[in-house]
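# Reading the structure
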Amino acid sequence: VVSRFRAACETDASTILLDIDSCGGTVAGCFAAVHEMRELAAKHGKVVHAFANEAAYSAAYAIATVASTISVPESGGVGSVGVIGVVSEYTALMAKEGIRVAVLTTGARKADGHPGVPLSDDALASLQGTIDKLGAQFFGLVAESRPLTAEQVQALEAACLMGQDAVDAGLADEVISRTQ
């Protein structure tokens, strides 16, 4: 995404359209990509517009915040500004099936969240702390480009908002069709 955006910035076009239709992706590299794309747009003097071509959720919405304006069709949506992590524990099932697993580590926290290790309250708290930190970074990233504070973004509770609801919440600027 960044390399294609860089190539667009190096053209003589004055405006770049981010035509987004995605439910999102992973946090790995996402926030750095957004910052780099914002810097490229500023460096090259490009106006960036994002169109949520039905969906710009989660990491895809993060990419949309590179734009100075975000448009959404009436039936399209944006949002899901949040971070999710899933941890599974299979120790009871493995014990029932007679499977013995030994997880060897060089640190007491190295196996936090490993499905072969019982989930402790400390491990869950540590993993939740990581999710909370990433979420705070995401809320701040959105607040940098939208008329919202990080607290207001967080208060949206990662909602997926369509059309005018997205505009009313401050996550989009206008409701338009693709042909407008």
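Use the structure listed above.
The model shown is predicted, which means the values in this text are computed figures rather than measured ones. The residue numbers shown here count from 1 along each chain, following its written sequence. In keeping with the predicted nature of the model, local features appear solely for residues at pLDDT of at least 70, side-chain atom pairs appear and are counted solely at 80 or more, and the whole-chain, interface and lining totals rest on all residues. Excluding hydrogens and water, the side-chain values take into account all heavy atoms of the structure.

## Brief notes about helix H5 (residues 121-145)
Only DSSP runs of H or I with at least four residues qualify as helices, and only runs of E with at least two residues qualify as strands; both kinds are numbered from the N terminus onward. The span expected for a helix works out to 1.5 Å for each residue beyond the first. The end-to-end C-alpha distance of H5 is 37 Å, a good match for the 36 Å that 25 residues give at a rise of 1.5 Å each. Only protein chains enter the accessibility calculation, which uses a 1.4 Å probe; a residue whose area is less than 20% of its type maximum is buried, one above 50% is exposed, and one in between is partly exposed. Looking only at H5, the buried set comprises Ala123, Gly135, Phe138, Phe139, Leu141 and Val142. If you follow the buried residues of H5, they end up packed against helix H2 (30-44), helix H3 (59-64) and helix H6 (150-155). Any two residues whose heavy atoms approach within 4.5 Å at even a single point are treated as in contact.

## Regarding the pairing of strand E1 (residues 15-22)
As paired strands, E1 and strand E2 (residues 47-57) are joined by eight bridges and run parallel to one another. Paired with Leu17 across the two strands is His49, which belongs to E2. By convention a crossover is right-handed if, when the strands point away from the viewer, the path from the first strand over the helix to the second runs clockwise. Between E1 and its parallel partner E2, the chain crosses via H2, and the hand of that crossover is right-handed. Whether two strands pair comes down to DSSP finding at least two bridges between them.

## A look at the pairing of strand E3 (residues 69-72)
Taken together, the three bridges between E2 and E3 define a ladder with parallel strand orientation. Counted as the bridge partner of Phe51 is Ser71 from E3. Between E2 and its parallel partner E3, the chain crosses via H3, and the hand of that crossover is right-handed. Bridge count between E3 and strand E6 (residues 174-175): two bridges; the pairing is parallel.

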